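Report on the structure
Spelled out from the first residue to the last, the chains are:
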Amino acid sequence: MASNPLEKFNIDKLNIFSNPLKMFFPKKMVGIDIGTAGIKVVELSRWGQGKTLENYAEIKSSSLYKEPFRGVEKGSYLLSNYFVSRAVRAVLDEAKIKTRAVIFSIPDFSTFCTSFELPPMNANELKDAVYYNASQYIPLPVSETTLDWQLIGGTPGDKQSGLKIFLVAIPNQVIQDYQKVAQLAGIDLYAVEAEALGLVRSLVRGNRNYVCLIDIGVQSTTINIIGKGSLKKSYSFNFAGSQLTYSIASALDLGHEQAEELKNKEGLTSSKEEISKTLYLLIDPLIIEVKKVLSDFYQQEGKEIDAIYLTGGTSNLPGLKEYFAEVLKIKVEIPNCFSELLYPPILGNTLEKIAPSFSVAMGVALGGLET
Ligand SMILES: Nc1ncnc2c1ncn2[C@@H]1O[C@H](COP(=O)(O)OP(=O)(O)OP(=O)(O)O)[C@@H](O)[C@H]1O
Ligand SMILES: [Mg+2]
């Protein structure tokens, strides 16, 4: 049986945050999201119950290499540990971050998320039952993955209530890749966490409603349903922010940079019909996917969604939030992952603008400081 690569961190699952040894929790933590467009880094410190934003930084892949930082197909791993680790080191040096304890987020296309039901049982039987049943729900042998799970429905010990489990499986090979990156970059890998779980922590925690959280980055989009603060469903789609740029470039016969600028500045609100038309053609299929996810959730759980949260860099597309609200007839927000932190007020406007790209890095860093 393959050994669990997280063993050396003394944790047997990725949900490090149930660690009872609170006194050993570090005071500072760095969250790193190796995205397609760039590497996002957030350094936080903890004081009592509060958290301070010590530092944040992003290094864009285009500024270093022609290639993206990571592969994009489902199941593909980091493009090159060596290049990625150099970029991680560079961004930490540039931001003068000395904290060595780091948590990496793992992208949605390298993880498998699912939920399933178990019959009534006691709490002490639950862990074994999850591991035993996981093999039916993930496409890889359980021995080759590291599992993280949460109880999202039912009460252990209650003979009447079945239990509902949310399961995340990460191939051990992926974890080993991130360990290698950490080692080459000269940092200490405190933990890894699936990006969907980081997003929930930074944007939806404490929210008692049902929220659909959509992360639109460069290469992929995830649609997550969160009920009363915990992740219920997570799907990934091929909808890509970069496709919007390519389509504008080809519709108007422009270079990539010009098209990117038009997209980011004008987006759906552009007075040039060719631009908005091109964008609507790509966004409408995404909205159809969202509708389908919402209606499936309603069929299965009988619950309506109270709000849609958009995040990821593409959520800043001018007019996108309004278009979602108009078509789906639901309240739509772009939450700010920095809003509950302490930081110099002068940074307020800048942070609000960049916040959607930092939600994942923020969420995993926060997890490392939990008490
Ligand atoms: N104002 C804007 N309007 C539209 N798109 C924008 C805007 N600002 C940034 N973007 C897009 O956001 C994307 C970057 O988002 P993000 O940082 O979330 O990506 P990523 O995490 O690296 O990607 P992925 O999660 O797919 O690997 C780029 O495609 C960029 O063009
Ligand atoms: Mg991303």
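Residues numbered from 1 in each chain as written. Chains lettered and ligands numbered in written order. Predicted model: local features only at pLDDT ≥ 70, side-chain atom pairs only at ≥ 80, totals over all residues. Heavy atoms only, no water.

1. Quick look at the packing of aromatic side chains
- What the rule picks out here adds up to eight aromatic pairs.
- Taken together, the ring pairs connect Tyr56, Phe338 and Phe358 into an aromatic cluster. (Phe/Tyr/Trp six-rings, centres within 6.5 Å; stacked < 30°, edge-to-face > 60°.)

2. A word on the nonpolar core
- By size, the foremost hydrophobic cluster in this structure holds 63 residues, and its most contacted members are Ile32, Ile39, Leu44, Val88, Phe104, Ile187 and Phe338.
- Here this core gets nine residues from one element, more than from any other, and that element is helix 9 (residues 348-368).
- Lining this core are residues from two domains, each supplying at least three of them: domain 1 (7-110 + 170-204 + 338-368) and domain 2 (213-333).
- In this view, Val88 contacts Ile32, Ile34, Ile39, Val181, Ala185 and Ile187; residues no more than four positions away in its chain are not counted.
- Cys212, Ile223, Leu262 and Phe297 belong to the second largest nonpolar core, which has 34 residues in total. (Core = buried A, V, L, I, M, F, W, Y, C linked by side-chain atoms within 4.5 Å. Buried < 20%, exposed > 50% of the residue type's maximum accessible area, 1.4 Å probe, protein only. Helix = DSSP H or I, 4+ residues; strand = E, 2+ residues; numbered from the N terminus. Domains from an automatic or database assignment. Contact = heavy atoms within 4.5 Å.)

3. Notes on helix 6 (residues 256-265)
- All of the buried residues in helix 6 are Ala259, Leu262 and Lys263. Mapping the buried residues of helix 6 onto a view down its axis gives an arc of 100°, with all of them on the same face. In helix 6, those exposed residues whose orientation departs by more than 90 degrees from the buried face are Glu257 and Lys265.
- Packing partners of the buried residues in helix 6 comprise helix 5 (241-252) and helix 7 (273-301).
- Of the residues flanking the end of helix 6, it is Gly267, one or two places downstream, whose phi is positive at about 50°. (Arc of directions from axis to C-beta.)

4. Describing the sheet that holds strand 1 (residues 28-34)
- The strand order 3-2-1-4-8 describes an open sheet built from five strands, whose pairing is mixed. The two strands at the open ends of the sheet, each matched to only one other strand, are strand 3 (50-60) and strand 8 (188-194). The average undirected angle you get between the axes of adjacent strands in this sheet is 20°.
- Relative to strand 2 (residues 38-47), strand 1 is paired through seven bridges, and the arrangement is antiparallel. When the sheet's bridge partners are listed, Ile34 is paired in strand 2 with Ile39.
- Its contacts with the sheet place helix 9 against strand 1, strand 2, strand 3, strand 4 (101-106) and strand 8, and it is angled at close to 65° to strand 2. (Pairing = 2+ DSSP bridges. Axes fitted to C-alpha atoms, helices over the stretch in contact; angles between N-to-C directions.)

5. Focus on the side chain of Lys40
- Its location among the elements puts Lys40 in strand 2.
- Setting aside its immediate chain neighbours within four residues, Lys40 contacts Gly31, Ile32, Asp33, Gly35, Ala57, Glu58, Ser357, Phe358 and Ala361.

6. A closer look at empty space enclosed by the protein
- Inspection of the entire model under this criterion finds two cavities of 30 Å³ or more.
- Surrounding the second largest cavity, Asp108, Thr111, Cys113, Ala194, Glu195, Ala196 and Ser234 form its lining.
- Broken down by class, the residue content of the lining of the second largest cavity amounts to three nonpolar, two polar and two charged. (1 Å grid on protein atoms, 1.4 Å probe; cavity = no way out; pocket = protein on both sides within 12 Å on 5 of 7 lines; lining within 4 Å. Points joined across faces, edges and corners; volume = space filled by probe spheres on them. Nonpolar A, V, L, I, M, F, W, Y, C, P; charged D, E, K, R; others polar.)

7. A closer look at the sheet that holds strand 7 (residues 163-171)
- Sheet architecture is open: three strands sit in the order 5-7-6, paired in antiparallel fashion. The open sheet has two edge strands, strand 5 (112-118) and strand 6 (145-153), and neither has a second partner. Direction aside, neighbouring strands of the sheet carry axes that sit 25° apart on average.
- Packed on one face of the sheet, helix 3 (residues 172-185) meets strand 6 and strand 7 and runs near 55° to strand 7.

8. A closer look at the confidence of the model for the chain
- When pLDDT is averaged across the chain, the result is 87; 88% of the residues are at 70 or more.
- Note that pLDDT drops below 50 for residues 72-78; the model gives that stretch 22 contacts with residues more than four away or on any other chain. (pLDDT = per-residue confidence, 0-100.)

9. Concerning the packing of helix 5 against helix 7
- The interhelical angle for the contact between helix 5 and helix 7, taken along N-to-C directions, is 140°, at an axis separation of 9 Å. When the interaxial angle is binned, helix 5 and helix 7 end up oblique. When the axes of helix 5 and helix 7 are compared, the crossing they make is right-handed. Where helix 5 abuts helix 7, its residues Gln243, Leu244, Ser247, Ile248, Ala251 and Leu252 lie against Glu274, Ile275, Thr278, Leu279, Leu282 and Ile283.
- Of the residues assigned to the contact of helix 5 with helix 7, the class counts are eight nonpolar, three polar and one charged. (Parallel < 35°, antiparallel > 145°, perpendicular 65-115°, else oblique. Left-handed = near helix turned anticlockwise from the far one by under 90°.)

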